[in-house]
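Spelled out, the chains give:
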Amino acid sequence: KTDGDVINVSVGFEKLRRMDIRQGHFILVKNREMVPADMVLLASSNDQGGAYIETSSIDGETNLKLRQRASIPKHILKLLQEG
């Protein structure tokens, strides 16, 4: 439903097996959970929009790596935050 320039969207999450994740799915990953697929970080609870990722299963390195969320145009981000 649209009201002028505003688009109202309902969002819900469901549990899926890793093998059922497909391109285009939005994935909610909570603290200390394994990342089940190659992903683009869209948002984080961190004020700066970053997340520390441990990649030892990929490259053997045990140090945490900081990854920043993808840049979202400010006017879109504002609309998302206003809900």
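Details of the structure are given in the entry above.
The structure reproduced in this document is the subject of the present report. (Residues numbered from 1 in each chain as written. Predicted model: local features only at pLDDT ≥ 70, side-chain atom pairs only at ≥ 80, totals over all residues. Heavy atoms only, no water.)

### Some thoughts on the overall build of the protein chain
Here is step 1 of the chain: Regarding its fold elements, the protein chain presents two helices and four strands.
Here is step 2 of the chain: The order of helices and strands in the protein chain, counted from the N terminus, is β-β-β-α-β-α.
Here is step 3 of the chain: Scored against the burial criterion, the 83 residues of the protein chain give a buried share of 7%.
Here is step 4 of the chain: In the protein chain, once contacts between residues fewer than 6 apart in sequence are set aside, the share between residues at least 24 apart is 15%.
Here is step 5 of the chain: Accessible area for the protein chain stands at about 8,000 Å²; split by element, carbon and sulfur atoms hold 52% of it.
Here is step 6 of the chain: Seen as two clouds, the 12 positive and the 11 negative side-chain charges of the protein chain have centres 2 Å apart. (Helix = DSSP H or I, 4+ residues; strand = E, 2+ residues; numbered from the N terminus. Buried < 20%, exposed > 50% of the residue type's maximum accessible area, 1.4 Å probe, protein only. Contact = heavy atoms within 4.5 Å. Areas by Shrake-Rupley, 256 points an atom, 1.4 Å probe, with all protein chains shown as cover. Lys, Arg positive; Asp, Glu negative; His and termini not counted. Charge placed at Lys NZ, Arg CZ, Asp CG, Glu CD.)

### Some words on the layout of surface pockets
Here is step 1 of the chain: In this structure, the second largest pocket occupies an estimated 520 Å³ of space.
Here is step 2 of the chain: Lining the second largest pocket we find 17 residues, and of these Glu14, Lys15, Leu16, Ile27 and Leu28 sit closest to its centre. (1 Å grid on protein atoms, 1.4 Å probe; cavity = no way out; pocket = protein on both sides within 12 Å on 5 of 7 lines; lining within 4 Å. Points joined across faces, edges and corners; volume = space filled by probe spheres on them.)

### With respect to unusual backbone geometry
Here is step 1 of the chain: Backbone geometry at Arg32 places phi at a positive 70°, although glycine is not the residue there.
Here is step 2 of the chain: For Arg32, the location among the structural elements is in the loop between strand S2 (6–7) and strand S3 (50–54).
Here is step 3 of the chain: Of the residues examined, Arg32 reaches a relative accessible area of 82% and is grouped as exposed.

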